[in-house]
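Residue-level listing of the chains:
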Amino acid sequence: METSCDYSHNVSFFYQLVGKKISQDWSTRDLLVMALGLTVCLIVVLANLMVMVAIFMNRRFHFPIYYLLGNMAAADMFAGMAYANLMLNTGPWTGMLTKKQWFIRGALIDISLTASVANLLAVAVERHQTIITMQLHSNMTKRRVVLLIVCIWAVSIAMGLVPSMFWNCECDLDDCSTIAPLYSRRFLIFWAVLNLLTFFIMVAMYARIFLYVRHQSQRTSQHTSDMQRSQTVVNLMKTISMVLGAFVICWTPGLMTLLLDGVLGEDSHAHAYEKFCLVIAECNSLVNPIIYSLRDEEMRRTFKWILCCLCRCSDQQRAPSPLQFDAPLPEGNLVCVQKSEDQAARLSLGTDDKEDSWTTPVPCDVLSFLVEQRDL
């Protein structure tokens, strides 16, 4: 094998080098898989976009923990677009890619994974600092949250560019990966070990937080506000832990596959099941919005509000006459409701009464909602 740097080789050369076949024609199975994959990617993008809009529109989510969860939704949405780009540049189209295009395709996946891991780690640290004092939300300023989010994406982009900039196998053909033929096997080992180690650190941190919360809950007085605050903290912790658990379950098979490929090379036969690992990893980007919907009642109500407004705007656009905009809403029409200031204050303390929430009906109109948010 060549050991000198020869940058004249194309993508097909590296695939032939590691024995990875590039399809010459589209089969019916490939077309169905791509169509299904692109559909899932579209749902992923729209679902996570809804999470981001919900956090932006609902001022009761304007806390560091929800900003970080919103940034995680942005990473998942980015992952959906990265998967779509991968599917549009796979199969027979792979051989038509330049090395730059191939590295960009891989970098998008790397960036989305790194951003998700970094977000989960930031959430774990934020929860640790907050839960130790039994608070619902930390006192971190918005400026620090924005700086943290910027750092997360800066590190993610840097990690995504590492293989294309200098850590690849163009200068050491014996080090080429069978899953990603232009990637260095040593880089895959480093990347997989780093992510798996981060997983273990986060799991250990959440285990310590849960033990601490359980210990403190046993010592908490029977006062209603203390009990409700403790229960609110526990519910939020359960939601975040489910997000972390889903991420670990979905990504660990793929990372283990990369690790085996990096250590064993062709003997690992990793390319035989890499696509299954990729599908599982893609599903993770769709899991988080489902978890938010099932676990967070406030988030679920905000989702309904957004859908209500979209339906209302759609009905107005289809109206045959502009006079219908001035007509009063029928009594049976859908309305969106908003909590009072007293309830918002109780929610910030973790003592919100679920049965009395969202009692003030308001018209489901995007413009009026924006005006209300500005006044608040």
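Residues numbered from 1 in each chain as written. Predicted model: local features only at pLDDT ≥ 70, side-chain atom pairs only at ≥ 80, totals over all residues. Heavy atoms only, no water.

Q: In this structure, what is going on with the layout of surface pockets? I would like to understand it.
A: Empty space among the atoms becomes apparent when a probe as large as a water molecule is rolled across them. In this structure, the largest pocket occupies an estimated 1500 Å³ of space. Residue lining of the largest pocket: 46 residues in total, with Leu86, Thr90, Glu274, Lys275 and Leu278 positioned closest to the centre. Among the secondary structure elements, those contributing two or more residues to the lining of the largest pocket are α2 (28-57), α3 (64-87), α4 (99-131), α6 (185-219), α7 (224-264) and α8 (274-295). Ranked by residue count, the leading element in the lining of the largest pocket is α8, at nine residues. (1 Å grid on protein atoms, 1.4 Å probe; cavity = no way out; pocket = protein on both sides within 12 Å on 5 of 7 lines; lining within 4 Å. Points joined across faces, edges and corners; volume = space filled by probe spheres on them. Helix = DSSP H or I, 4+ residues; strand = E, 2+ residues; numbered from the N terminus.)

Q: I tried to follow the pattern of salt bridges on my own but got confused; where do I start?
A: A side chain with one charge may pair with a side chain of the opposite charge, provided their charged atoms come close. Tallying each qualifying case throughout the model produces three salt bridges. Taking the shortest distance from any N to any O, the salt bridge between Glu170 and Lys99 comes out at 2.5 Å. On the criterion of sequence distance, the pair formed by Glu170 in the loop between α5 (142-165) and α6 and Lys99 in helix α4 is long-range, its members being 71 residues apart. Here Glu170 matches Lys99 in class, with each residue buried. The residue Asp172 makes a salt bridge to Arg186 at a minimum N-O spacing of 3.8 Å. Residue Asp172 is located in the loop between α5 and α6, and its partner Arg186 is located in helix α6; the two are separated by 14 residues in the primary sequence. (Salt bridge = Lys/Arg side-chain N within 4 Å of Asp/Glu carboxyl O. Buried < 20%, exposed > 50% of the residue type's maximum accessible area, 1.4 Å probe, protein only.)

Q: How should I be thinking about the packing of aromatic side chains in this particular structure?
A: Ring pairs (aromatic) are described by centroid distance and by the angle formed between their planes. Summed over the entire model, instances satisfying the criterion amount to eleven aromatic pairs. For the pair Phe61 and Tyr66, a centre-to-centre distance of 4.8 Å together with 40° between the ring planes defines the contact as tilted. A relative accessible area of 10% places Tyr66 in the buried class. Here Phe199 and Phe247 contribute two aromatic rings whose centre-to-centre distance is 5.5 Å and whose plane-to-plane angle is 85°, an arrangement assigned as edge-to-face. Here Phe199 is found in helix α6, whereas its partner Phe247 is found in helix α7, with 48 residues between them in sequence. Through successive ring pairs, a cluster of aromatic residues spans Trp102, Phe103, Trp167, Tyr183, Phe187 and Phe190. (Phe/Tyr/Trp six-rings, centres within 6.5 Å; stacked < 30°, edge-to-face > 60°.)

Q: I would appreciate a short explanation of the packing of α4 against α5 in the present structure.
A: The packing of two helices is summarised by the inter-axis angle and the distance between the axes. For the pair α4 and α5, interaxial distance at closest approach is 8 Å and the crossing angle is 145°. The handedness of the crossing between α4 and α5 is right-handed. Contact residues: α4 offers Phe103, Ala107, Asp110, Ile111, Thr114, Ala115, Ala118, Asn119 and Ala122, while α5 offers Leu148, Ile152, Trp153, Val155, Ser156, Ile157, Met159, Gly160, Pro163 and Ser164. Its residues placed into classes, the contact of α4 with α5 shows 13 nonpolar, five polar and one charged. (Axes fitted to C-alpha atoms, helices over the stretch in contact; angles between N-to-C directions. Left-handed = near helix turned anticlockwise from the far one by under 90°. Contact = heavy atoms within 4.5 Å. Nonpolar A, V, L, I, M, F, W, Y, C, P; charged D, E, K, R; others polar.)

Q: Before we go on, may I ask you to explain helix α1 (residues 11-18) in this structure?
A: Residues spaced three or four apart along an α-helix point in a common direction, a consequence of the helix completing one turn every 3.6 residues. Residues of α1 that are buried include every one of Val11, Phe14, Tyr15, Leu17 and Val18, and no others. Buried residues in α1, looked at end-on, bunch into an arc of 155°, giving them a common side. N-capping of α1 is provided by Asn10, with a side-chain oxygen placed 3.4 Å from the backbone N of Ser12. One or two residues past the end of α1 sits Gly19, with phi positive at roughly 80°. (Arc of directions from axis to C-beta. Polar contact = N/O pair within 3.5 Å; in protein donor to acceptor, adjacent residues only side chain to side chain.)

Q: Help me out: how do you make sense of a nonpolar patch on the surface in this one?
A: On the surface, a cluster of nonpolar side chains totalling about 330 Å² of accessible area is made up of Leu42, Leu46, Leu49 and Val53. With respect to the helices and strands, the residue Leu46 is situated in helix α2. (Patch = residues over 30% accessible without salt bridge, like charges linked within 9 Å, V, L, I, M, F, W, Y side chains within 5 Å. Areas by Shrake-Rupley, 256 points an atom, 1.4 Å probe, with all protein chains shown as cover.)

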